[in-house]
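# Tertiary structure, described
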Amino acid sequence: MIEFYSAATPNGQKVAIALEEMGLAYNLHAMDLMANEQKQPDFLAINPNGRIPAIVDKDNDDFAVFESGAILLYLAEKTGQFLPQDPKARSQAVQWLMFQMGGVGPMMGQANVFYRYFPEKIPAAIERYQKESRRLLEVVDHQLQKHAYLAGDSYTVADMATWPWARIHEWSGVDVSGLDALKAWLEKLAERPACQTALVTPAPGEATDEERAKQVRSMVTR
Ligand SMILES: N[C@@H](CCC(=O)N[C@@H](CS)C(=O)NCC(=O)O)C(=O)O
């Protein structure tokens, strides 16, 4: 059994997709980020960075893993799924996973902060993060013009990591016009039951986008 600490955010959804796709049994702990549950000592013992997602593998001496990319690799290696065995193909999947972890996630995350949440509107910061996010999604689109999935012909943890972020481009204020291969891939993955389940694991709650933005606004400035 995997203890899975998460919230209704793209970084949490990546891991929910992987758990669902891999058919792993898990016990969901829906963390209340607004109440700062992620900064309490019992959770910091699992993830010293005080952020979701994190997992504890009860079947592996209660081994704890934090950082969504590291969790995806751990689960792929545990199950032998969604990460090719061939060294070159495996490296390609890891490259696209790192590209998400170091690029798409942080840039779109900052686009959200400055476009949606930050109390002052700083046009230069908004433009910087939206432009960089658009550039990164163009790189994704270019790859998907040539391949069915990010790392080539097969669906891997790199797709699982990138989809929850890329799908919220509108919320980030990132224009994806002309990125047709990206759009087709977004739709293709949206049909997967695991991706659908991940979007409600945990359920996002009843709050409207604006109400949620208001709550997050207080979090990004505390
Ligand atoms: N690089 C980390 C990022 C994790 C992260 O930023 N988590 C956010 C939610 S998406 C969080 O827990 N925020 C609460 C906080 O910062 O206190 C990962 O990929 O796991």
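Read on for a plain summary of the structure. For clarity, every value in this text was computed on a predicted model and none was experimentally measured. (Residues numbered from 1 in each chain as written. Predicted model: local features only at pLDDT ≥ 70, side-chain atom pairs only at ≥ 80, totals over all residues. Heavy atoms only, no water.)

## Details of helix α5 (residues 123-146)
With 24 residues, α5 should reach 34 Å at 1.5 Å per residue; the first-to-last C-alpha distance of 35 Å fits that figure. For α5, every residue scored as buried is listed here: A125, I126, Q130, E132, S133, L136, L137, V140, D141, Q143 and L144. Taken together, the buried residues of α5 touch α4 (87-117), α6 (157-166), α7 (169-172) and α8 (180-190). (Helix = DSSP H or I, 4+ residues; strand = E, 2+ residues; numbered from the N terminus. Expected span 1.5 Å × (residues − 1). Buried < 20%, exposed > 50% of the residue type's maximum accessible area, 1.4 Å probe, protein only. Contact = heavy atoms within 4.5 Å.)

## Re the sheet that holds strand β1 (residues 2-6)
The pairing of strands in a sheet comes from backbone hydrogen bonds and takes either a parallel or an antiparallel form. Within the open sheet, the 4 strands sit side by side as β2-β1-β3-β4. Their pairing is mixed. Where the open sheet ends on each side, the last strands, each with one partner, are β2 (26-30) and β4 (63-66). Adjacent strand axes in the sheet meet at a mean angle of 20 degrees when their direction is disregarded. With 4 bridges connecting them, strand β3 (residues 54-57) and β4 associate as antiparallel partners. Paired with I55 across the two strands is V65, which belongs to β4. Packing against the sheet, helix α1 (residues 10-22) makes contact with β1, β2 and β3, and its axis sits at approximately 155 degrees to β1. Relative to the sheet, helix α3 (residues 68-79) contacts β1, β3 and β4, its axis offset from that of β4 by approximately 135 degrees. (Pairing = 2+ DSSP bridges. Axes fitted to C-alpha atoms, helices over the stretch in contact; angles between N-to-C directions.)

## Description of the environment of Y5
Along the chain, Y5 falls in strand β1. Measuring from C-alpha to C-alpha, the distance between Y5 and A30 comes to 6.2 Å, with 25 residues separating the pair along the chain. Beyond its immediate stretch of four places on either side in the chain, Y5 contacts H29, M31, F43, I46, I52, P53, A54 and V56.

## A look at the packing of α4 against α6
At a minimum axis distance of 9 Å, the contact between α4 and α6 shows a crossing angle of 15 degrees. Looking at the two axes, α4 sits roughly parallel to α6. For the pair α4 and α6, the sense of crossing is left-handed. Mapping the contact onto sequence places A93, W96, L97, Q100, V104, G105, M108, G109 and N112 in α4 and V157, A158, A161, T162, W165 and A166 in α6. (Parallel < 35°, antiparallel > 145°, perpendicular 65-115°, else oblique. Left-handed = near helix turned anticlockwise from the far one by under 90°.)

## Things to note about the nonpolar core
Grouped together as the largest cluster of nonpolar side chains are 60 residues, with contacts concentrated most on I55, L75, L137, V157, L182 and W185. Lining this core are residues from two domains, each supplying at least three of them: domain 1 (2-81) and domain 2 (87-196). Apart from residues lying up to four places away in sequence, I55 is in contact with I2, E3, F4, V15, I46, F63, A64, V65, I71, Y74 and L75. By size, the runner-up hydrophobic cluster in this structure holds 9 residues, among which are Y5, M31, I46 and I52. (Core = buried A, V, L, I, M, F, W, Y, C linked by side-chain atoms within 4.5 Å. Domains from an automatic or database assignment.)

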